[in-house]
Amino acid sequence: MTDQTPEPSLIQLARASGEDVTAAPVDLAVRVRELRKARQWTLEQAAQQAGLARSTLSKIENGQMSPTYDALKKLAVGLGISVPQLFTPKSSPQGGGRMVSTKRGEGAAHATTTYEHELLADQMVQKSMLPYRARIRARAFEEFDGWVRHEGEEFLYVLTGAVRLFTEFYQPIDMVRGDSAYYDATMGHNVISISDDDATILWVTSMG
């Protein structure tokens with residue numbers, strides 16, 4: 001996938017879970033409003049946290065506009081969650097032996113300038129983990145717009161190539177195939193490839 005490839009709708013990251021995998025996806029407007037109110041923030045406070053105009057956030061909450069991925073990233077950072085969590089209801093205990101599988105290359109894809117994500121098990125949204133495969137495009141820390149941080153904990157496993165894991169409170173760690181790391185995702189973190197080709201990793205993020 002290249003930067004010119006049209007990005008799939010992020011709504012595709014959140015289909016209903018359980019037996020009915022064709023049910024309507026999460027309503028972004030409702031989800032954002034619920035997240036804001038859960039934090040007892042006014043529109044003005046939430047907009048300031050996200051670095052968005054109050055009018056923009058109001059339109060998002062009222063379903064009057066489809067936000068860009070850049071706006072979604074700012075909103076997610078402001079709320080302290082990941083972008084996919086904007087489209088995923090807070091998980092609750094589930095039973096009944098649920099299971100989904102994802103064939104190679106069939107995950108929900110989304111590319112950015114630094115990472116190319118393939119969200120796995122995207123049919124099941126009421127889950128406690130968010131697994132995804134990522135191709136690391138970035139080659140320098142400066143390619144990121146600051147630290148990435150969100151709710152929950154995160155597990156990283158290097159599949160191919162070599163990466164450098166930057167974290168807010170620790171020295172950078174160079175990792176090769178088979179190496180792994182587990183860390184608090186509220187701590188700032190970024191990953192770059194230090195191999196000739198883009199490295200690939202498996203990321204598993206807890207849902208808060």
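Residues numbered from 1 in each chain as written. Predicted model: local features only at pLDDT ≥ 70, side-chain atom pairs only at ≥ 80, totals over all residues. Heavy atoms only, no water.

Participant: Give me the lowdown on the packing of aromatic side chains, citing residues and values where you can.
Facilitator: Scanning the entire structure with this criterion turns up five aromatic pairs. Arranged with centres 5.5 Å apart and planes meeting at 55 degrees, the rings of Tyr115 and Phe144 form a pair that is tilted. You can see Tyr115 sitting in strand E2 (residues 115–119) and its partner Phe144 sitting in the loop between strand E3 (129–136) and strand E4 (153–160), a full 29 residues away along the chain. Phe144 carries the same exposure label as Tyr115, and that label is buried. Considering the side-chain rings of Phe141 and Trp147, the 5.0 Å spacing of their centres and the 70 degrees angle between planes classify their relative orientation as edge-to-face. Assessed through its relative accessible area of 25%, Phe141 is described here as partly exposed. Every member of this aromatic cluster is reached through a ring pair, and the members are Tyr115, Tyr132, Phe144 and Trp203. (Phe/Tyr/Trp six-rings, centres within 6.5 Å; stacked < 30°, edge-to-face > 60°. Helix = DSSP H or I, 4+ residues; strand = E, 2+ residues; numbered from the N terminus. Buried < 20%, exposed > 50% of the residue type's maximum accessible area, 1.4 Å probe, protein only.)

Participant: I'd like a rundown of the pairing of E2, residues and numbers included.
Facilitator: Of all five residues that make up E2, five are buried, and the element is covered over most of its length. Burial along E2 is two-sided: Tyr115, His117 and Leu119 and Glu116 and Glu118, pointing in opposite directions, are all buried. In the sheet, strand E1 (residues 108–111) pairs with E2 via four bridges, with the strands oriented antiparallel. Across the sheet, the residue bridging to Ala108 is Leu119, located in E2. Across five bridges, E2 lies against E3 in antiparallel orientation. For His117, the partnering residue across the bridge sits in E3 and is Ala134. (Pairing = 2+ DSSP bridges.)

Participant: If you had to explain the nonpolar core to someone new, which residues and values would you point to?
Facilitator: Grouped together as the largest cluster of nonpolar side chains are 23 residues, with contacts concentrated most on Leu156, Val163, Val191, Ile201 and Trp203. The set of elements that each furnish at least two residues to this core consists of E2, E3, E4, strand E5 (162–167), strand E7 (180–184), strand E8 (189–193) and strand E9 (199–206). The greatest single-element share of this core, amounting to four residues, is contributed by E3. Not counting residues up to four positions away in its chain, the partners in contact with Val163 are Ile136, Val158, Ile173, Asp174, Met175, Val191, Ile192, Ser193, Ile194, Ala199 and Ile201. (Core = buried A, V, L, I, M, F, W, Y, C linked by side-chain atoms within 4.5 Å. Contact = heavy atoms within 4.5 Å.)

Participant: Tell me about the packing of helix H1 (residues 28–38) against helix H3 (residues 54–61), residues and numbers included.
Facilitator: For the pair H1 and H3, the least separation of the axes is 7 Å and the interaxial angle reads 120 degrees. In terms of their interaxial angle, H1 and H3 are classed as oblique. Counted together, Ala29, Val32, Arg33 and Arg36 of H1 and Leu57, Ile60 and Glu61 of H3 form the full contact between these two elements. (Axes fitted to C-alpha atoms, helices over the stretch in contact; angles between N-to-C directions. Parallel < 35°, antiparallel > 145°, perpendicular 65-115°, else oblique.)

Participant: I'd like a rundown of the pairing of E3, residues and numbers included.
Facilitator: Sheet analysis places E3 next to E9, joined by eight bridges and oriented antiparallel. Paired with Tyr132 across the strands is Trp203, a residue of E9.

Participant: Tell me about the environment of Leu52, and name the residues and values.
Facilitator: With respect to the helices and strands, the residue Leu52 is situated in the loop between helix H2 (43–50) and H3. On the accessibility criterion, Leu52 (15% relative accessible area) is buried. Sequence separation between Leu52 and Lys74 is 22 residues, and the spatial gap between their C-alpha atoms is 7.5 Å. With residues up to four places along the chain from it excluded, the contact list for Leu52 reads Ala47, Ala71, Lys74 and Leu75.

Participant: Go over unusual backbone geometry with me, naming the residues and quoting the values.
Facilitator: Of note, Gln40 is a non-glycine position whose phi angle comes to about 60 degrees, a positive value. When you line up the elements, Gln40 lands in the loop between H1 and H2. Taking relative accessible area as the criterion, Gln40 reaches 71% and is therefore assigned exposed.

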